[in-house]
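Understanding the architecture of this molecule
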Amino acid sequence: MILLMTQKTNIKRKAAQAAKSRKAIAKKTAYKSLPKDKILKGDCIELMNSLPEKSVDVIFADPPYNMQLKGELHRPDNSHVDAVNDSWDQFDGFQAYDNFTRDWLTAARRVLKDTGTIWVIGSYHNIYRVGSIIQDIGFWVLNDIVWRKSNPMPNFRGTRFTNAHETLLWCNKGEGFNKYTFNYEAMKAFNDDIQMRSDWVLPICSGKERLKVNGHKGHSTQKPEALLYRVLLSSTNKGDVVLDPFFGSGTTGAVAKKLGRHYIGLEREDKYIKLATDRIKQIETLSDEDLEITPAKRSLPRVAFGTLIENGMIKPGTILFGPGKRHAAKVRADGTVISADSKGSIHQVGASVQNAPSCNGWTFWNIEVNDNLVSIDNLRAEVRAAMN
């Protein structure tokens with residue numbers, strides 16, 4: 001008991017000393033402006049504390065998993081499994097890992113804009129500890145995304161279920177920090193006009209995408225670009241700054257550059273900095289035209305139904321039809337419409353004729369043009385195009 005208490009005291013003392021040292025170093029090397037599209041070498045906590053406060057739009061973090069692997073892994077044919085046994089993934093127990101996690105997340109929250117979000121990915125080894133600390137220091141969890149691997153590594157020993165997924169926590173800075181970016185319409189279009197769900201089926205990094213050095217994995221935990229593509233497409237805009245405090249092989253930087261975003265990578269090891277630098281040099285940024293995404297409807301200029309009337313696109317007396325001409329209503333000069341049983345806005349009358357609690361009149365009503373029904377929402381789109 002006394003030995004255990006002494007060990008815990010020593011861990012806390014070391015953590016406090018490390019935190020004090022990091023603050024001193026950060027103060028000496030403070031950046032006055034953001035070092036965009038750069039890889040910075042050093043301790044991620046010191047480096048984040050040296051960056052301007054509230055300066056980055058999104059953080060993607062793939063921290064050490066603290067997998068605590070003991071011994072080597074072999075396949076049934078006795079061939080060696082290239083597993084995660086790097087020194088950077090090893091900690092002196094859970095308390096040391098928790099202290100490290102709390103320190104880097106605190107530094108991340110400081111550098112994140114109030115309109116920003118953070119993504120943290122992990123496995124069952126660490127994600128529950130990380131999630132608890134995330135909430136303890138004030139972040140608000142928006143979603144937990146399950147990355148289900150379509151080609152997971154088998155459980156060679158046959159002692160457990162195959163570990164076929166990892167979890168991503170997507171968070172803003174806290175309850176009430178609601179002006180973050182979520183490109184809902186773009187992700188819906190990306191998913192064949194179906195809402196993007198929180199379970200993503202994607203393959204692990206393999207084949208030509210997997211970076212190799214002398215025939216071996218360049219980095220043991222390289223993430224697939226497809227995963228980062230969804231992360232950045234959903235939560236960033238062109239020109240945003242994406243920070244990755246555990247840059248590794250540079251997947252975040254490669255995808256950010258491709259999508260016209262800026263990146264800042266933090267990395268301790270020279271071999272990974274070289275690997276990421278060489279990789280990112282080969283990436284070409286998509287053209288401005290190709291980077292255009294479906295805008296969120298709430299960001300589009302408001303157009304009143306009466307605007308279509310005053311512009312002569314719809315005349316008073318025009319008959320509007322619902323789907324299949326099952327319902328009809330006549331347009332009046334003031335922008336209201338009237339059916340056999342009700343009158344009011346296009347939304348109110350649309351709801352009334354269907355006996356529904358609500359209705360989006362823009363998508364419900366149509367006008368007849370050359371024996372074809374044309375949605376009045378198409379006319380609204382023409383007005384918006386003219387406004388832009």
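Structure: above.
Structure report, in brief. (Residues numbered from 1 in each chain as written. Predicted model: local features only at pLDDT ≥ 70, side-chain atom pairs only at ≥ 80, totals over all residues. Heavy atoms only, no water.)

Focus on the sheet that holds strand 10 (residues 262-267)
If you trace the 8 strands from one edge of the open sheet to the other, you get 1-10-9-2-3-5-4-6, paired in mixed fashion. Here the strands that pair on one side only, and so sit at the sheet edges, are strand 1 (38-41) and strand 6 (199-202). The average angle at which neighbouring strand axes cross in this sheet is 20°, direction not considered. Strands strand 2 (56-61), strand 3 (112-122), strand 4 (140-149), strand 5 (165-172), strand 6 and strand 9 (241-244) of the sheet are contacted by helix 6 (residues 225-235), whose axis makes an angle of about 145° with strand 6. Docked against the sheet, helix 7 (residues 251-258) engages strand 2, strand 9 and strand 10, running at close to 170° with respect to strand 10. (Pairing = 2+ DSSP bridges. Helix = DSSP H or I, 4+ residues; strand = E, 2+ residues; numbered from the N terminus. Axes fitted to C-alpha atoms, helices over the stretch in contact; angles between N-to-C directions. Contact = heavy atoms within 4.5 Å.)

Notes on the nonpolar core
Counting residues in hydrophobic clusters, the biggest one holds 32 residues, and the most contacted among them are Val-56, Trp-104, Leu-105, Ile-118 and Leu-243. Mapped onto this core, the elements with two or more residues apiece are helix 2 (44-50), strand 2, helix 3 (94-111), strand 3, helix 4 (127-136), strand 5, strand 9 and strand 10. No other element matches helix 3, which puts 7 residues into this core. Setting aside residues up to four positions removed in sequence, Leu-243 forms contacts with Met-48, Leu-51, Val-56, Val-58, Ile-59, Phe-60, Val-111, Ile-264 and Leu-266. Residues Ile-121, Leu-227, Ala-254 and Ile-283 belong to the second largest nonpolar core, which totals 26 residues. (Core = buried A, V, L, I, M, F, W, Y, C linked by side-chain atoms within 4.5 Å. Buried < 20%, exposed > 50% of the residue type's maximum accessible area, 1.4 Å probe, protein only.)

What to know about the side chain of Arg-230
Within the fold, Arg-230 resides in helix 6. Buried within the structure, Arg-230 lacks any salt-bridge partner; its nearest side chain of opposite charge belongs to Asp-199, at an N-O separation of 7.6 Å. (Lys, Arg positive; Asp, Glu negative; His and termini not counted. Salt bridge = Lys/Arg side-chain N within 4 Å of Asp/Glu carboxyl O.)

Examining helix 12 (residues 376-387)
Over its 12 residues, helix 12 runs 17 Å from end to end, which matches the ideal 16 Å to within 8%, given 1.5 Å per residue. Taken together, the buried positions of helix 12 are occupied by Ile-376, Leu-379, Arg-380, Val-383 and Arg-384. Buried residues of helix 12 fall within an arc of 145° about the axis and therefore sit on the same side. On its buried face, helix 12 sits against helix 9 (305-310), strand 11 (319-321), helix 10 (346-354), helix 11 (361-364), strand 15 (366-369) and strand 16 (372-375). The N-cap of helix 12, judged by a side-chain oxygen 3.0 Å from the amide nitrogen of Asp-377 a few residues on, is Ser-375. (Expected span 1.5 Å × (residues − 1). Arc of directions from axis to C-beta. Polar contact = N/O pair within 3.5 Å; in protein donor to acceptor, adjacent residues only side chain to side chain.)

Comments concerning the packing of helix 6 against helix 7
The relative placement of two packed helices is expressed as an angle between their axes plus a distance between the axes. With their axes 9 Å apart at the nearest point, helix 6 and helix 7 run at an angle of 55° to one another. Relative to helix 7, helix 6 is oriented oblique. Crossing geometry of helix 6 relative to helix 7 is assigned as right-handed. Contacts from Glu-225, Leu-228, Tyr-229 and Leu-232 of helix 6 reach helix 7 at Thr-251, Thr-252, Ala-254, Val-255, Ala-256 and Lys-258. (Parallel < 35°, antiparallel > 145°, perpendicular 65-115°, else oblique. Left-handed = near helix turned anticlockwise from the far one by under 90°.)

What about the pairing of strand 5?
Of all 8 residues that make up strand 5, 7 are buried, and the element is covered over most of its length. The sheet contact formed by strand 3 and strand 5 spans 6 bridges and is antiparallel. Bridge assignment links Gly-122 to a residue of strand 5, and that residue is Thr-167.

Looking at the packing of aromatic side chains
Note on aromatic pairs: each is described by the distance of the centres and the angle between the planes. For the structure shown, the criterion picks out 11 aromatic pairs. Between Trp-170 and Tyr-180, the ring centres sit 5.7 Å apart and the planes meet at 90°, which makes this aromatic pair edge-to-face. Pair noted here: Trp-170 is in strand 5 and Tyr-180 is in the loop between strand 5 and helix 5 (184-190), with a separation of 10 residues, a long-range link. Judged by relative accessible area, which is 24%, Tyr-180 ranks as partly exposed. Ring geometry for Phe-364 versus Trp-365: centroids 4.8 Å apart, planes at 80°, classification edge-to-face. (Phe/Tyr/Trp six-rings, centres within 6.5 Å; stacked < 30°, edge-to-face > 60°.)

Here's the deal with the pairing of strand 10
The buried count for strand 10 comes to 5 of 6 residues, which makes it a mostly enclosed element. Here 4 bridges tie strand 1 to strand 10, and the two strands are oriented parallel to one another. Its bridge partner lying in strand 10, Leu-40 is registered against Leu-266. Pairing of strand 9 with strand 10 involves 4 bridges; the strand directions are parallel. By the bridge assignment, Val-242 is partnered in strand 10 with Tyr-263. This β-α-β element, strand 9 to helix 7 to strand 10, shows right-handed connectivity. (Right-handed = clockwise from strand over helix to strand, strands pointing away.)

What to know about helix 7
Most of helix 7 sits inside the fold, with 6 of its 8 residues counted as buried. Of the residues making up helix 7, those classed as buried are Thr-251, Thr-252, Gly-253, Ala-254, Val-255 and Ala-256. On its buried side, helix 7 packs onto strand 2, helix 6, strand 9, strand 10 and helix 8 (270-281). Note on helix 7: the residue one or two positions beyond its end, Gly-260, has a positive phi of about 75°.

Some points on the environment of Asn-143
Of note, Asn-143 is situated in strand 4. Taking the C-alpha atoms as reference points, Asn-143 and Trp-170, separated by 27 residues in sequence, lie 5.3 Å from one another. Not counting chain neighbours up to four residues away, the residues in contact with Asn-143 comprise Leu-168, Leu-169 and Trp-170.

Notes on the packing of helix 3 against helix 4
At a minimum axis distance of 10 Å, the contact between helix 3 and helix 4 shows a crossing angle of 45°. As far as their axial angle goes, helix 4 and helix 3 are oblique. Here helix 3 runs over helix 4; the crossing is right-handed. Taking contact as the criterion, the partners of Phe-94, Tyr-97, Asp-98, Thr-101, Arg-102 and Leu-105 in helix 3 are, on helix 4, Arg-129, Val-130, Ile-133 and Ile-134. Grouping the amino acids of the contact of helix 3 with helix 4 by side-chain chemistry returns 6 nonpolar, 1 polar and 3 charged. (Nonpolar A, V, L, I, M, F, W, Y, C, P; charged D, E, K, R; others polar.)

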